[in-house]
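Coordinates in review
What follows is the residue order along each chain.
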Amino acid sequence: EHLKDKIKVNNKLLLIQVPQFDLRYFNISAAKKKGYYAYPPTGLQYLASALKDRDLEIEILDLNYEILSRIYNDETFEVENWLSLLDDRLESFPASMVGVSCIFDTGIKPLLETLNHLKEKGDAIILAGGVVPTYDWEKLLAQGLCHFVCEGESENKINFLLDYFLNDHI
């Protein structure tokens, strides 16, 4: 209830795939030679598909791909400022609900940085999901980095949360 009072919920949901590499060891030369994987955010695409019958605007931000694309196409982009890509998207798509997914252990640091960044902004309900949040859910919630963790396959769980926050069925 306190989240409903604190955050004005709109019909925008942003789903984020975090970088799938540890930026501390990032090699710009390898990135420019397309030496990093850029797997599509298939899990988030399935999730968006499961929500297609709702009155929602859903966007997927693949930070992994966006960082690699910027490095490849923009000589002025500084990888240390990768969270500016998230800020840019939130400015153009002011979602009140943001889901953050992390599948690989190499994405743990970017996951924590993304969640902390969203927490500091304080203007969205933050959901975490994927393999890493599923096994680290207690830590993420205890540190207040997200409001909810959707463990395992999340199509039903996120629908339950949306029912509550959007008052579709309650």
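Here, the structure is the one placed above.
Residues numbered from 1 in each chain as written. Predicted model: local features only at pLDDT ≥ 70, side-chain atom pairs only at ≥ 80, totals over all residues. Heavy atoms only, no water.

Things to note about the overall build of the protein
Formally: Strands are runs of DSSP state E lasting at least 2 residues, helices are runs of H or I lasting at least 4, and numbering of each runs from the N terminus. With C-alpha atoms as the basis for the radius of gyration, the globule rule is written as 2.2 Å multiplied by the number of residues raised to the power 0.38. Summary of the burial criterion: residues with accessible area below 20% of their type's maximum are buried, those above 50% are exposed, and those between are partly exposed, where the area comes from a 1.4 Å probe applied to protein chains only.
The number of helices and strands found in the protein is nine helices and five strands. Going from the N terminus to the C terminus, the protein shows its helices and strands as α-β-α-α-β-α-α-β-α-β-α-α-β-α. Radius of gyration (C-alpha) of the protein: 16 Å, near the 15 Å computed for a compact globule of 170 residues. Over its C-alpha atoms, taken along the principal directions, the protein stretches across nearly 55 × 30 × 30 Å. Counting every position in the protein, which comprises 170 residues, the buried fraction comes to 45%.

A closer look at the environment of Glu59
Here is the rule: Between two residues, a contact is recorded if the distance between any of their heavy atoms is within 4.5 Å.
Here Glu59 lies in strand S2 (residues 57–62). Taking relative accessible area as the criterion, Glu59 reaches 28% and is therefore assigned partly exposed. Between the C-alpha atom of Glu59 and that of Leu14, which follows or precedes it by 45 residues, the distance is 5.0 Å. If we skip the residues at most four places from it in the chain, Glu59 touches Leu13, Leu14, Leu15, Arg89 and Phe93.

Quick notes on helix H9 (residues 155–166)
Defined as follows: Helix span, as expected, comes to 1.5 Å for every residue beyond the first.
The first and last C-alpha atoms of H9 sit 16 Å apart over twelve residues, in line with the 16 Å expected at 1.5 Å per residue. Every buried residue belonging to H9 is among Ile158, Asn159, Leu161, Leu162, Asp163 and Phe165, and all of these are buried. For H9, the elements touching its buried residues are helix H1 (2–6), strand S1 (12–17), helix H3 (42–50), strand S3 (97–101), strand S4 (125–129) and strand S5 (148–150). Positioned one or two residues after H9, Asn167 has a phi angle of 55°, which is positive.

A closer look at the pattern of salt bridges
Selection criterion: A carboxyl oxygen of Asp or Glu within 4 Å of a side-chain nitrogen of Lys or Arg is what we treat as a salt bridge.
Taken as a whole and assessed by the stated rule, the structure comprises seven salt bridges. One salt bridge in this structure joins Lys12 and Glu57, with 3.1 Å as the shortest N-O distance. Linking Lys12 in strand S1 with Glu57 in strand S2, this pair joins segments that are 45 residues apart in sequence. Judged by its relative accessible area of 36%, Glu57 is partly exposed. Its salt-bridge partner being Arg54, residue Asp163 comes within 2.5 Å of it at the nearest N-O pair. Here Asp163, found in helix H9, pairs with Arg54, found in the loop between H3 and S2; they are 109 residues apart in sequence, far enough to count as distant.

With respect to a nonpolar patch on the surface
Defined as follows: Only residues whose relative accessible area exceeds 30% and that take part in no salt bridge are eligible for patches, with like-charged residues grouped when within 9 Å of each other and nonpolar side chains (Val, Leu, Ile, Met, Phe, Trp, Tyr) grouped when within 5 Å. For the accessible areas, the method is Shrake-Rupley and the probe is 1.4 Å, while residue cover comes only from the protein chains on display.
Nonpolar side chains collect at one region of the surface, where Tyr37, Tyr39, Ile103, Phe104, Val131 and Tyr135 lie side by side and expose about 620 Å² of accessible area between them. When you line up the elements, Tyr37 lands in the loop between helix H2 (28–32) and H3.

Structural notes on the side chain of Asp22
By the secondary structure assignment, Asp22 is in the loop between S1 and H2. Asp22 sits in the buried class, given a relative accessible area of 18%. Ignoring anything within four residues of it in the chain, the contact list for Asp22 reads Thr106 and Lys109.

Describing the nonpolar core
Note the following rule: We define a nonpolar core as any set of buried Ala, Val, Leu, Ile, Met, Phe, Trp, Tyr and Cys residues linked to one another through side-chain atoms lying within 4.5 Å.
Among the nonpolar cores identified, the biggest contains 35 residues, and Leu14, Ile16 and Val98 are the most heavily contacted of them. Breaking this core down by element, the ones donating at least two residues are S1, helix H4 (63–73), helix H5 (83–92), S3, helix H6 (108–121) and S4. Contacts of Ile16, omitting those with residues within four sequence positions, involve Leu44, Leu61, Leu63, Leu86, Val98, Gly99, Val100, Ser101 and Leu118.

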